[in-house]
Amino acid sequence: MSNLVKGVILDESELLSASEHGTPTNANDSSFQLRPGASYLLRKLRHSNIRSGISYGPGLSPDKVNVLKRIAMEYSCECFFLHAFMDGGVNEITRAWGDVGGIIMYVVQNSKDSMCKLSSNWLITVVGAEGVTAGQNPSMLYINKLEELPLTICHVNKKATCNNVVVVGYVMKPSREEDFAKRGAFPLYPTPNGLIFLPLTFKIPLSSQLQNVDVVLHKATDEIITIELSNSSVSANRITYTKGMQELQRFMEDHSDFLAIDPLSNIYPVLDRLKIQLILLRLQEQKAKGRHAIRGAHFLKVDDFKDLGLPQRLSDAQLSLPCIVKPQVACGVADSHSMAIVFGTEDFKDLNVPLPAVVQEYVNHSSTLFKFYVLGDNIFHAVKKSTPNSGILMKSYERNGLRPILFDSLKSLPIDNENRNSGDLISCKVDLDLELVKDAAKWLAKTLDLTIFGFDVVIQEGTGDHVIVDLNYLPSFKEIDKDIAIPAFWDAIKLKFEARKMQQATIASSS
């Protein structure tokens, strides 16, 4: 695999745009601007499993050199001085990187083609060479924009393996991508099980990227603009995605054999807390004699907090106060994580939680939460501190002037600040029936037809019931050691791809 791209050198001509305000007086002068696409590319290379560096030649001002070094430090790459007709810079890179185990791609502007004489072992990639084709100089590659470079690297690396890799195109919001990428989840270099990860961008035509992709991994909920409930539930025609995600959606609809992890239709139940609660009701059918129950929390859908019959409806649903109130829409919109804990029926009046809502049983669970992650055939879990028991919450309620406790579940949870070292902490002994939950995880994977998802379990004091209180699609599973979780993540994707290909082959042979 010596022809794999294992290093990228970005010439400064491709990073900094020319000053519009004269010569800057210091390295932090805003006159030095990153070119369009430069920041995007540096972020992608940072955790790509490919060495990356920035180069500059003679004649550059000290201030500009300082800016380049600062950029290199910010994006965890290195800065090298290179001269087109001297070997010192190349030797410096060799000393810094050693044998990278593949080729180095040198990215330069068309106007600096003299720099292309640096090393015959480098793959020169010229940016912005409009009207130039590879046939005019077959030893070079030509792209129009910096955003095309990950796709170019992916294409070169796939060709170097004789197409014996699976290219996974992925799309999610930058902060989530960073969580995955910094643990090495998205390399542009083949993983041990033969995957290459390509960041999909909506800055260049999506069709040209998807031609090189075998499977798409998406967090579509990051691309939702609005969700409207139809017939009191989430449906496909009531979800508005970003323009780029709509393009991806159309592509997948037009290419029914194209594999996505997971199909958009499979994630719709996860967007709807009511649907998930109804699915969890069926867990009761899996209960085995002599084992604890595993179930969803008792719940009630509410359309109007001022409903005079609400107290009786709560009682009929086996709900006693306090209860936790959540919006029915589970994710994808701004207020989907705005929740409340209510202690009396009067707390529902003017409650600031979006309607329709799901009122859910509050389970006393010794402040212990078990986060489970399903990655294909692998199931992992982590233990986290959670909200306190209802008795301690009641004290917070009283201190709060007998007002419901409002919170955003993505930002912070109600905790017991006065009794951090009391018995109601994570150190309390809680008996987890791991096999019980794993069996439920397998049932959920089959029922929901999801490859990668997570759910939260609490154990009810007194009964020992294992209660599933939340479920989400494509979590970051950052509580699990990356050396264990990331290979399992890769395996889940590869096995799903192979199973789908086998299924398609079976259908084709029988037709």
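Above this text sits the structure in question.
Model, not experiment: these values are computed from the prediction. (Residues numbered from 1 in each chain as written. Predicted model: local features only at pLDDT ≥ 70, side-chain atom pairs only at ≥ 80, totals over all residues. Heavy atoms only, no water.)

Asks: Explain empty space enclosed by the protein to me, and be specific about the residues and the numbers.
Replies: Under the criterion given, the structure shown has 1 cavity of 30 Å³ or more. Here the largest cavity is characterised by a volume of approximately 30 Å³. Around the largest cavity sit Lys44, Ser48, Tyr170, Phe186, Leu188, Phe197 and Pro199, which together line it. Split by residue class, the lining of the largest cavity holds 5 nonpolar, 1 polar and 1 charged. (1 Å grid on protein atoms, 1.4 Å probe; cavity = no way out; pocket = protein on both sides within 12 Å on 5 of 7 lines; lining within 4 Å. Points joined across faces, edges and corners; volume = space filled by probe spheres on them. Nonpolar A, V, L, I, M, F, W, Y, C, P; charged D, E, K, R; others polar.)

Asks: Any details on the pattern of salt bridges? Residues and values, ideally.
Replies: The full count for this structure, using the stated rule, is 18 salt bridges. Here Asp439 ties to Arg291 by a salt bridge, and the two come within 3.3 Å at their closest N and O atoms. Here Arg291 lies in the loop between helix H9 (273-281) and strand S15 (294-296) and Asp439 lies in helix H12 (residues 434-448), a separation of 148 residues in the sequence. Between Lys496 and Asp449 there is a salt bridge, and its shortest N-O distance comes to 3.6 Å. Residue Lys496 is located in helix H13 (residues 482-510), and its partner Asp449 is located in the loop between H12 and strand S23 (452-459); the two are separated by 47 residues in the primary sequence. The class of Asp449 is partly exposed, set by a relative accessible area of 39%. Taken together, the salt bridges that share partners define one network made up of Arg291, Asp433 and Asp439. (Salt bridge = Lys/Arg side-chain N within 4 Å of Asp/Glu carboxyl O. Helix = DSSP H or I, 4+ residues; strand = E, 2+ residues; numbered from the N terminus. Buried < 20%, exposed > 50% of the residue type's maximum accessible area, 1.4 Å probe, protein only.)

Asks: Just give me the short version of the pairing of strand S11 (residues 215-218), but keep the residues and values in it.
Replies: The side-chain alternation of S11 yields two buried faces, one formed by Val215 and Leu217 and the other by Val216 and His218. Summarising the sheet, S11 and strand S14 (residues 259-261) pair through 3 bridges and their orientation is parallel. Opposite Val215, over in S14, you have Leu259 as the bridge partner. (Pairing = 2+ DSSP bridges.)

Asks: Residues and numbers for the pairing of strand S19 (residues 357-361), please.
Replies: Counting buried residues along S19, 5 of its 5 residues qualify, which places the element largely inside the surrounding structure. Two strands pair when backbone bridges link them, and strand S16 (residues 299-302) and S19 are joined in this way by 4 bridges, in the antiparallel orientation. Paired with Val302 across the two strands is Ala357, which belongs to S19. As judged from the 5 bridges shared by strand S17 (residues 323-327) and S19, these two strands associate in the antiparallel manner. Within S19, the position partnered with Ile324 by the bridge is Gln360.

Asks: Hey, could you go over the side chain of Thr201 for me, with residue numbers and the actual values?
Replies: Of note, Thr201 is situated in the loop between strand S10 (195-199) and helix H6 (206-210). At 3.1 Å, the side chain of Thr201 forms a polar contact with the backbone nitrogen of Lys203. (Polar contact = N/O pair within 3.5 Å; in protein donor to acceptor, adjacent residues only side chain to side chain.)

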